[in-house]
Amino acid sequence: RIGGGDAAGWDDLFRVELASGVVRRLTYGQRAHQPDVSPDGHQVVCTVGSIPGTQQLAMVPIEGGTPHVLIQNAPGEIAYSPAFSPDGRRIAYSRFKPGGFHDIHLFDLATRTDRALTVDRAMDVEPRFSPDGRYVLWSSDRTGIYNIFAYDLTDDHLYQVTNVLGGAFQ
């Protein structure tokens, strides 16, 4: 039984030590979702829903504790699908804003600044960094069919990577 029989473990984060099988609970009652572990293994970025009507971008120490919210969302705004850059300095994530905006954002951990890579009516989802950290890739319906797009962080250029008939999602 995870959490020692605590039934309130729904939507919290847990860590499993692979060698021993020991399970450790990282959050309590935070409605935490979509974790990604930092490259150095010390932090977890996730979304938390402790405020009704929103999911906020947050960090949790790998040992557990209260999530530290990185960006205060307005009511109705939702952060989702966060992913660390390979160097652990930035987080790419999708952000929903009322009015139908599903855009890709980049949060810089050192400067605590957030910038939108896209601001349009396309559904931009599931961002991930290329292994060298130069590109942020995601799935978008901006062509009428979901395809994979890449944003070059060195020159702010957007490229379409796939051109499929049935949709490319990951």
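Quick caveat: nothing in here was measured; it's all calculated off a predicted structure.

Considering a nonpolar patch on the surface
- A cluster of nonpolar residues, Val 16, Leu 18 and Val 23, forms a patch on the protein surface that exposes about 310 Å² of accessible area.
- Position of Val 16 among the secondary structure elements: in strand β1 (residues 14-16).

Details of the side chain of Asp 124
- Inspection of the secondary structure puts Asp 124 in strand β11 (residues 124-129).
- Side-chain polar atoms of Asp 124 contact the side chain of Thr 118, separated by 2.9 Å.
- Not counting residues within four places of it along the chain, the set of residues in contact with Asp 124 comprises Tyr 80, Ser 94, His 102, Asp 103, Ile 104, Thr 118, Trp 138, Ser 139, Ser 140 and Arg 142.

Comments concerning the environment of Ser 139
- Mapping Ser 139 onto the fold places it in strand β12 (residues 135-140).
- Among the residues examined, Ser 139 registers a relative accessible area of 1% and is labelled buried.
- For the pair formed by Ser 139 and Phe 149, sequence separation is 10 residues and the distance between their alpha carbons is 6.3 Å.
- Discounting residues that sit within four places of it in the chain, Ser 139 has contacts with Met 123, Asp 124, Val 125, Tyr 146, Asn 147, Ile 148, Ala 168 and Phe 169.
- Of the polar contacts made by the side chain of Ser 139, one reaches the backbone oxygen of Ala 168; its length is 2.7 Å.

Thresholds applied
Counting from 1, residues in each chain are numbered in the order their sequence is written. Given that this is a predicted model, residues contribute local features only at a pLDDT of at least 70 and side-chain atom pairs are listed and counted only at 80 or more, while totals for whole chains, interfaces and linings are drawn from all residues. Neither water nor hydrogens contribute to the side-chain values; these are computed over all heavy atoms in the structure. Here, patches come from residues exposed beyond 30% relative accessible area and free of salt bridges, joined within 9 Å for like charges and within 5 Å for nonpolar side chains (Val, Leu, Ile, Met, Phe, Trp, Tyr). Areas reported here follow the Shrake-Rupley algorithm with a probe of radius 1.4 Å; residue values treat only the protein chains shown as occluding. Note on definitions: salt bridges are taken to be side-chain nitrogens of Lys or Arg within 4 Å of carboxyl oxygens of Asp or Glu. Put simply, DSSP marks the helices as runs of H or I at least four residues long and the strands as runs of E at least two long, and each gets a number from the N terminus on. Polar contact is defined as a pair of N or O atoms within 3.5 Å, subject to the rule that within protein one atom must be able to donate a hydrogen and the other to accept it, and that residues adjacent in sequence are counted only when both atoms are side-chain atoms. In this analysis, two residues are considered to be in contact whenever any of their non-hydrogen atoms come within 4.5 Å of each other. Exposure categories follow from relative accessible area, calculated using a 1.4 Å probe and restricted to protein chains: below 20% of the type maximum is buried, above 50% is exposed, and the middle band is partly exposed.

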